[in-house]
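Coordinate inspection notes
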Protein chains: 2
Amino acid sequence: MREETQDIGNKTQDIRQEEETSSSESEISTLRPIVVFYPDGKCINAEIGANLLELARSADVSIDSSCGGKGACGKCKVLIKYGAVRNKTQDSGEKEAVSVLKSGVSDLEPSYVLACQSEVIGDVVVEIPVSSRLSELQILQSGVEPTAELESITPLAQKIDVALDPPSLEDNSSDLERLTRGLEVAMKDNGDGAVWDRNKLQMGLDVLRRLPRLLRDNDWQLNVTITDSRGVSEIIDVQPCVEPTHSYGLGIDVGTTTIVAHLMDLNTGTSLGVQSEYNGQIRYGDDVIARIAYASDKKNGLEELKRAVTDTMNSLIAELADSCQVSPNDVTCLICSGNTTMIHLLLGIDPTSIRREPYVPVAQRVPITRAGQLGLNVNPNALVYCFPAVGGYVGGDITSGVLATGMAESDKLSMLIDVGTNGEIVIGNNEWLMCCSCSAGPAFEGCGIEHGTHATAGAIERLQYIPDTDEVLFSTIGKQMPPRGVCGSGLIDAMATLLRSGAMDRAGKLNLSWPSPRIRIVDDEPQFVFVWGREVGREDDIFLTESGIQNLMRSKSAVYAGSTLLLRNLGLSFADVEQIRIAGGFGNYLDIENAVIIGLLPDLPLDKIRFVGNTSATGAWMALLSEKARRSAEEISKQMTYVELMAAGNSFMDEFVAGLFLPHTNISLFPSVVKMLSQSKE
Amino acid sequence: MREETQDIGNKTQDIRQEEETSSSESEISTLRPIVVFYPDGKCINAEIGANLLELARSADVSIDSSCGGKGACGKCKVLIKYGAVRNKTQDSGEKEAVSVLKSGVSDLEPSYVLACQSEVIGDVVVEIPVSSRLSELQILQSGVEPTAELESITPLAQKIDVALDPPSLEDNSSDLERLTRGLEVAMKDNGDGAVWDRNKLQMGLDVLRRLPRLLRDNDWQLNVTITDSRGVSEIIDVQPCVEPTHSYGLGIDVGTTTIVAHLMDLNTGTSLGVQSEYNGQIRYGDDVIARIAYASDKKNGLEELKRAVTDTMNSLIAELADSCQVSPNDVTCLICSGNTTMIHLLLGIDPTSIRREPYVPVAQRVPITRAGQLGLNVNPNALVYCFPAVGGYVGGDITSGVLATGMAESDKLSMLIDVGTNGEIVIGNNEWLMCCSCSAGPAFEGCGIEHGTHATAGAIERLQYIPDTDEVLFSTIGKQMPPRGVCGSGLIDAMATLLRSGAMDRAGKLNLSWPSPRIRIVDDEPQFVFVWGREVGREDDIFLTESGIQNLMRSKSAVYAGSTLLLRNLGLSFADVEQIRIAGGFGNYLDIENAVIIGLLPDLPLDKIRFVGNTSATGAWMALLSEKARRSAEEISKQMTYVELMAAGNSFMDEFVAGLFLPHTNISLFPSVVKMLSQSKE
């Protein structure tokens, strides 16, 4: 069984396993081929001869296709990871089969086919590469809240070709005036909604100095990069026209532990790729308090931290530019969402006062700066917009998250729980928003957990322990590769499955009498082995220690205590909340039920709770693409009221300690979990 | 007689001489003491015991006095340059005389008295130092057009003290938010009219980085420098509070030949001083065409020219800062008015296209830049605003001039003739404005004329030749010092007086049979000696050569031809013009009648024509002080229509050649001059 997992990819196997264990066999007919779409994780029964593109659509899997399935555009290219498909050749009756045989993982080169030209002939696992995915915009709209934010693309920076009439004695207005006029005409022709006041249109001296030569060398045709932010329009670059126009932006979630960068095509609004790395500042301390202390107390500490984060960002930029074949100079805007301290450090602003009562940041709404000014390796004039923060401990990442979920536009009472190194909780609707912050620690980002890792390729993002066979089923993010460690969603699964199986008790202690070699004591500390290294070609095993479990319990308890206290401040309880959105860099998936089982989330009907991924990053690229989203973000940050959980009258520590149990010391708060656990033990 | 001139200062003597020659003795009674106010040149008969401050007011001479003449404020301090006054001691009957005896110029230390405490006891020459003059604003309002521009002071940059409540847990908004709020309150308390949108208030990263430390080191009280330009408000500096607040701006006329800088106190709206120097670019060529050629053709030419002009500006800044005891860092804004080429060169923008048909500048409305960016030695964040131009050959200096004269707000049909190295002429009213440009050359700025000089201290600004005695009466600008040369107004006087006396003919040829040693031939060229070097302690004589006369004739003819053609384009003639304003760096005075006699100005009733000084510089400091003036300038530049005199249909060369006579070849255009000349010869 384990051999087969390796053969066909962890992912596929897991899903099939899950079906076998948790669904009745009748739901997935074994008579019709099974088609699995990856990374979406959608599994569907198909008829022999079914068209792969149509199947994907019926399964709500987004595949790009601009020619309408004629095999002309090449955008629906997919990777056959397991199984085979048949090529539908239109004129002749000839059928060409592309098959991937079961064999060792690395023995076979995976094969690309066009989904629109492929027919199902048997079980098949299909991976939709980033390049073939429909814009993240569309994925978001179905996956998170349907918001009205992105009706049209109005990017923070846009490139526009302008063709000017050469000057004459009859019309000898200046180059700049001519360019401005031409730009107005071009934008009107494009139907661009952006409105700017030509009298307020700015241009830096560096660009103006290059203008006359460029105009005359390029026959009065230029490509103009224009930005519009906070009511100020500016031409930030002029270049010769090229076909097609390359215009890119970066949406960057600057997390305390992890930095995630999305590269967006600003012409089409599509995501070209995403990369994440641990924030290079980690070596200066795990949380914002440690970072602030370093910046405050060490000579040049602020400068070192600034360099660490820009180095990480530059590394992500280089990776994205390389993998997406994009020139960094064509990146003309960045939107950064991060907590208040991270943004201070990125801009080189002393964050000392955030750490000391009364926890005052230098700025909630920092100036729009230039990439060159911050040392970021893109177009030096690229705008860097940082989401406005609410306060010292509720940053622009939360503004971004509220934007991404659309909760500020909904009349439903919604709660957003964003689990990062800090946990932030927002509650409200289209009339009011309250928020709070609590120190969750980086455990759910895999930090401070042996074999924990952040949610990138190779991370185990789902796992399940099957006590009957003493097996662990798991799936990793990204391409077939040996598992590197366990990311947030996998850690939640791990905690829940250990608890349900009885291998761990409600205090987070492993059952040392458990009849399995998976529980063992190393260096005086009990641990549970999820993956045997020898089975996946690793030198060491992947396990979770009791101290890791305690770290995870502290994190989940802090978040739950914060949520509880925020509601209590408003005279509300979880039952009043109409929808809960859980966000964070857990991975691509989060098993909500497991998050409830461990007491990270309240015991509500599961259909009220949804995992919305990294909303900080989502909001960042939404704002890259939409002027309305940028305006909303400014409004959201002003609208939110911060509740200080440490203030007198709040009993954060009491609530926190009460939560250091699974799911909670007050078991009456989790009736369905109690029921489930008692069933598991039966 | 000449001995006495030296003794009591040229100025005084000249005026007395003029009175003797051109006025009847009865107008200035010799029985009552004569009081001369310098540099205004006002001469008045006074009663013995008359109060000096009241006398000045009755003579329309501006002297500052904020205590109402009580001897308390010390602002009406004046210099007794000749003669004596008596101190009016209020309580006792004691009278203390301050007298300056006739003696050698440098033998006696001049004495300062308070005008309000001084009574006339005999003839006296009083100099009002810069520090005691009422604001140039008021001088302007009486001296040039009364415009409504400067009803209140709304400077381009203002410094405001703000006192903030320290943060608390109840109010822990950010430093920037707190500062913004405090600023709003302080501005409201001050009754400042400036309106800014706090959501659009900008702050550079450098200032923001300094903010937290400064706030905490200065007990939450700071002095904030805020600017407002083109709809964008920005905090450009924060500093500890000092008493009093030093807030200065520079209004700079960046001329092709001469650069004039006014240092303004932005708190009070008063002028602290003015300095001028030849533009360091002169060594690269006399006119804009030569400068453009150098910038276009020489490697690093543009950079050299940029450095030359900023060097000159920095030299003026250093002189003003030194003489007015001002820290350059307290200069927070500059307004530059200059022709289009000068502004291009100042900003380092290639002016090549201005020189070539169709004479297109790179920008008419250049970006607002920073002093630091341009290498100007004031506060590096100081805004540099350049007046918008109309076209390649009608620059921001003319926009500034139209602003200063108020002609764009008047319903009278007005003409502004600005004589610089280029001559520009504007005609219009509050409904329309037309303008043109012609190359006048730098002759009236003293360039290309042996013993010509620009209008600074020591320049002869008025002169008159008395044929009967073969004497030349003259006055110089500024303190008593040997004459350095002759500036524009003096050169016009020279031409007119030679023509009227018959020492020169209408073709500009000197009469070699004239019975005076003043006309002589040196190096084959006739010349007229105005000042014998031996009489003023100079090694050489001050004279005007025939080639200098020809240069002056070309300049005056170009200006007259331009004026004529602009009118002709509109189907108008000089008779239709209700008022003519002549502007330029001629000096403090211009004898309008003499300007008509030589044919620089048309033969209209003299009350229609007024000399308004350097309106480019005046407009610059008006705009420094008034937001309304800045908005008007933007409107004026858009409103003005440029007429290309070189375009087909215009006959500039014909008109120009016709003007190469004194006053003109077509003598019927100057009937009153003809009459006057015939009378002179009688």
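Residues numbered from 1 in each chain as written. Chains lettered and ligands numbered in written order. Predicted model: local features only at pLDDT ≥ 70, side-chain atom pairs only at ≥ 80, totals over all residues.

1. Quick notes on the packing of helix α5 (residues 175-190) of chain A against helix α6 (residues 205-217) of chain A
Helix packing for two helices is described by the angle between their axes and how far apart those axes are. Residues and elements named next belong to chain A. Going by this rule: Note on geometry: axes are lines fitted to C-alpha atoms, helical ones only across the stretch in contact, with angles between N-to-C directions running from 0 to 180 degrees. Runs of E in the DSSP output that reach at least two residues are strands. Runs of H or I that reach at least four are helices, and both are numbered from the N terminus. Angles below 35 degrees are treated as roughly parallel, those above 145 as roughly antiparallel, those between 65 and 115 as roughly perpendicular, and all remaining angles as oblique. Throughout, a pair of residues is in contact if the C-beta atoms placed from their backbones lie within 7 Å. In the scheme used here, Gly and all other residues not listed as nonpolar or charged are polar, with Ala, Val, Leu, Ile, Met, Phe, Trp, Tyr, Cys and Pro taken as nonpolar and Asp, Glu, Lys and Arg as charged.
Between α5 and α6, the least distance of the axes is 10 Å, while the angle of their chain directions is 80°. The angle between α5 and α6 places the two elements in the roughly perpendicular class. From α5, Asp 175, Leu 176 and Leu 179 reach across to α6, where they touch Leu 208, Leu 211, Pro 212 and Leu 215. The residue inventory of the contact of α5 with α6, partitioned by class, reads 6 nonpolar, no polar and 1 charged.

2. Description of the pairing of strand β17 (residues 414-419) of chain A
Residues and elements named next belong to chain A. Test applied: Partly exposed residues are those whose C-beta has more than 12 but fewer than 20 other C-beta atoms within 10 Å; 20 or more makes a residue buried and 12 or fewer makes it exposed, with C-beta atoms placed from the backbone. Pairing between two strands is assigned when DSSP locates at least 2 bridges connecting them.
With 6 of 6 residues buried, β17 is to be regarded as a mostly interior element. Bridge count for β17 against strand β18 (residues 422-428) is 6 bridges, and the pairing is antiparallel. Across the sheet, the residue bridging to Val 419 is Gly 423, located in β18. Between β17 and the antiparallel strand that follows it, β18, lie 2 residues. Taken together, the 6 bridges between β17 and strand β26 (residues 579-584) define a ladder with parallel strand orientation. Opposite Ser 414, over in β26, you have Gln 579 as the bridge partner.

3. Re the interface of chain A and chain B
Between chain A and chain B, the contact holds 41 residues from the first and 41 residues from the second. For the side of chain A that touches chain B, the elements supplying multiple residues, two or more each, are α5, β8 (202-203) and α6 of chain A. Looking at which element gives the most residues to the side of chain A that touches chain B, the answer is α6(A), with 6 residues.

4. What to know about the domain arrangement of chain A
All names here are of chain A. Quick reminder of the rule: Residue ranges assigned to the domains are those given by an automatic or database domain assignment.
According to the domain assignment, chain A consists of domain 1 (2-134), domain 2 (157-239), domain 3 (250-400), domain 4 (407-441 + 563-585 + 598-681) and domain 5 (443-551). Spacing between the C-alpha centres of domain 2 and domain 3 amounts to 30 Å. Taken together, the contact between domain 2 and domain 3 spans 9 residues of the former and 8 residues of the latter. Tallying contributions element by element places strand β9 (residues 221-229) first for the side of domain 2 that touches domain 3, with 3 residues.

5. Section: helix α9 (residues 340-347) of chain A
Residue and element names in this part refer to chain A. Counting buried positions along α9 yields 8 of 8 residues, so the element is predominantly enclosed. All buried positions along α9 are accounted for by Thr 340, Thr 341, Met 342, Ile 343, His 344, Leu 345, Leu 346 and Leu 347. Following α9 by one or two positions, Gly 348 adopts a phi angle in the positive range, close to 75°.

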